[in-house]
Every structure is written in C-alpha cells, then in structure tokens.
Amino acid sequence: MNKRPSKEEYAAFYEGYINLVPEGNVIELLQKQAERVESVIRALSDEQANYRYGEGKWSVKEVFGHLIDNERIMSGRLLRIARGDKTSLPGYDQDTLMEGHPFEAYSVVDLAEEYAAVRYSTIVLLRRLSPEAWMRMGQVNDNTASTRSIAYVITGHELHHLSVLRDRYDVQI
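Keep in mind the model is a prediction, meaning the values are calculated, not measured.

Within the protein chain, the secondary structure is distributed over eight helices and two strands. From first element to last, N terminus to C terminus, the protein chain shows the α and β order α-α-α-α-α-α-α-β-β-α. Based on the C-alpha atoms only, the size of the protein chain along its principal axes is roughly 45 × 30 × 25 Å. Residue burial in the protein chain is summarised as follows: out of 173 residues, 46% are buried. Here the protein chain displays about 8,900 Å² of accessible surface, and carbon together with sulfur accounts for 50% of that area. Between the mean site of the 21 positive side-chain charges and the mean site of the 26 negative ones, the protein chain shows a separation of 7 Å.

Put into structure tokens, the structure is as follows:
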C-alpha cells in the first residue's frame with residue numbers, strides 16, 4: 001500500500017503521526033522499522049534500558065513496552081475494520097496499561113523478542129489484506145478510521161517515540 005490516507009480516514013489527533021511517515025509502501029516501512037528497532041533494543045545495556053530522563057517519566061523499557069501495547073491494540077482495530085466489523089471500538093488509557101504491567105522486569109532480549117513477534121504479526125496481517133479491506137472504514141473512539149490509516153498510525157506513532165528516545169533518552173537510533 002503506497003497511498004497515504006486522506007484526512008477523512010482518521011481523527012485529527014493522528015495527523016501528526018501520519019505526517020511523520022515517509023512516502024513508500026507502508027508494509028516495507030514497517031519491516032525496515034522493525035529491523036532497526038530490534039537492533040536498537042538488543043544493543044542496550046540494562047542500565048541504559050532502565051534510564052528515565054525525568055521524575056515520573058517512562059523508562060526506555062517502558063517506552064518500548066508502550067510501543068508493543070499500542071501496536072497490539074491498533075492491529076486489533078485494524079483487523080476488525082478490515083474484516084468489516086461495524087462495532088464502535090473503544091479508546092484506551094496508555095498510563096493504565098503501563099501501570100498494569102512490569103516492563104521493568106523484562107530483559108532487553110525479552111523486549112526485543114516480544115516486539116519482533118508483535119511486529120511480525122502486524123506485517124503478516126497487512127500482507128494478506130485485499131485492496132478493498134485497506135479502504136474499509138470503521139469507528140474508533142467515536143472517530144472514523146480506515147484500515148489504511150491505522151497502518152500509518154502504527155508506523156508514525158513508532159517514529160514519534162523513536163525520536164523521543166533519541167532526543168530525550170540519548171538512545172542511538
């Protein structure tokens with residue numbers, strides 16, 4: 001899928017993420033992103049992975065945990081919309097999810113393994129979608145969303161957090 005979603009396909013909140021995605025095939029972009037992110041995670045020491053740049057901020061491990069959680073949720077939404085489910089899908093509270101799981105206990109190998117599994121699942125799902133499924137529309141958190149826009153949000157959301165990791169955590173991306 002090479003065509004960027006139109007503004008009618010997503011909530012205004014997601015525009016910043018979608019605008020971060022470079023031109024190209026979104027599946028190929030997700031594959032390249034996965035290779036880069038896995039190598040970044042595996043290169044971290046435990047000390048680096050436990051770093052927080054400020055009081056009350058997530059650790060590097062928690063940022064990667066958030067990316068994993070977000071992709072699972074977004075891929076579930078994408079699947080349901082792609083398959084024609086018209087149920088209005090709920091939002092989620094990222095802070096509640098973070099409080100509910102001990103990413104601090106993960107090793108960097110654990111994080112890399114879980115990230116890789118989630119991303120592989122997303123890519124396989126996207127590869128199998130028909131052209132019609134990419135364009136299907138649904139409701140997420142009382143907003144319109146297309147299958148295509150969610151794939152772009154997954155990609156752009158990760159790009160956003162990678163820049164935060166680079167700029168605020170001094171992680172070599």
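Glancing now at the nonpolar core. Counting residues in each nonpolar core, the largest one holds 28 residues, and the members touching the most others are Tyr14, Leu78, Leu126, Leu129, Trp134 and Ile150. Looking at this core, the elements that each hand over two or more residues are helix H1 (15–20), helix H2 (26–43), helix H4 (60–82), helix H6 (108–127), helix H7 (131–135) and helix H8 (147–169). Considering each element in turn, this core owes the most residues, five residues, to H8. Among the nonpolar cores identified, the runner-up in size contains 25 residues, and Ile41, Leu44, Phe103 and Tyr115 belong to it.

A few words now on the pattern of salt bridges. If you walk through the whole model with that rule in mind, you get ten salt bridges. A salt bridge links Arg80 to Asp85, with the nearest nitrogen and oxygen atoms 2.8 Å apart. Three or more residues joined by partner-sharing salt bridges are found here, namely Arg52, Glu62 and Glu104.

Residues annotated by UniProt as "domain: DinB-like" (unreviewed entry) correspond here to residues 30–164. Between the end C-alpha atoms of residues 30–164 the distance is 18 Å, and the span holds 67% helix and 6% strand.

Quick look at the pairing of strand E2 (residues 143–146) now. Here four bridges tie strand E1 (residues 137–140) to E2, and the two strands are oriented antiparallel to one another. The residue bridging Gly138 from the neighbouring strand is Ala145, located in E2. Where E1 folds back onto E2 in an antiparallel hairpin, the turn is made up of two residues, including Asn141, whose phi is positive at roughly 50°.

So, on to the environment of Val171. Topologically, Val171 is positioned in the segment after H8. For the pair Val171 and Ala43, spaced 128 residues apart in sequence, the C-alpha separation works out to 9.7 Å.

With that settled, consider the packing of aromatic side chains. Within a pair of aromatic rings, the relevant descriptors are the distance that separates the centres and the angle that separates the planes. A full pass over the atoms with the stated rule returns six aromatic pairs. Centre to centre, the rings of Tyr51 and Tyr169 are 6.0 Å apart; their planes meet at 85°, and the pair counts as edge-to-face. In this pair, Tyr51 is assigned in the loop between helix H3 (46–49) and H4 and Tyr169 in helix H8, connecting sequence segments 118 residues apart. Since its relative accessible area comes to 37%, Tyr51 is described here as partly exposed.

Rules used throughout
For every chain, the first residue of the written sequence is number 1, and numbering continues from 1 onward in sequence order. The predicted origin of the model limits local features to residues at a pLDDT of at least 70 and limits the giving and counting of side-chain atom pairs to 80 or more, whereas totals for whole chains, interfaces and linings rest on all residues. Each side-chain value is derived from all of the structure's non-hydrogen atoms; neither hydrogens nor water enter the calculation. Only DSSP runs of H or I reaching four residues or more are called helices, and only runs of E reaching two or more are called strands; each is numbered from the N terminus. Summary of the burial criterion: residues with accessible area below 20% of their type's maximum are buried, those above 50% are exposed, and those between are partly exposed, where the area comes from a 1.4 Å probe applied to protein chains only. All accessible areas in this document rest on Shrake-Rupley with a 1.4 Å probe, and a residue is counted as covered only by the protein chains that are shown. Only four residue types enter the charge count: Lys and Arg as positive, Asp and Glu as negative, with His and the chain ends excluded. Here the site of a charge means NZ on Lys, CZ on Arg, CG on Asp, or CD on Glu. For the purposes of this section, nonpolar cores are sets of buried Ala, Val, Leu, Ile, Met, Phe, Trp, Tyr and Cys residues that join through side-chain atoms within 4.5 Å. By convention in these notes, a salt bridge is any Lys or Arg side-chain nitrogen within 4 Å of a carboxyl oxygen on Asp or Glu. UniProt positions are given in the numbering used here, feature names are shortened, and annotations may be inferred rather than shown by experiment. For two strands to count as paired, DSSP must find a minimum of two bridges between them. Centre distance within 6.5 Å is the pairing criterion for rings of Phe, Tyr and Trp, where only the six-membered ring of Trp is used; planes under 30 degrees apart are then read as stacked, over 60 as edge-to-face, and the remainder as tilted.

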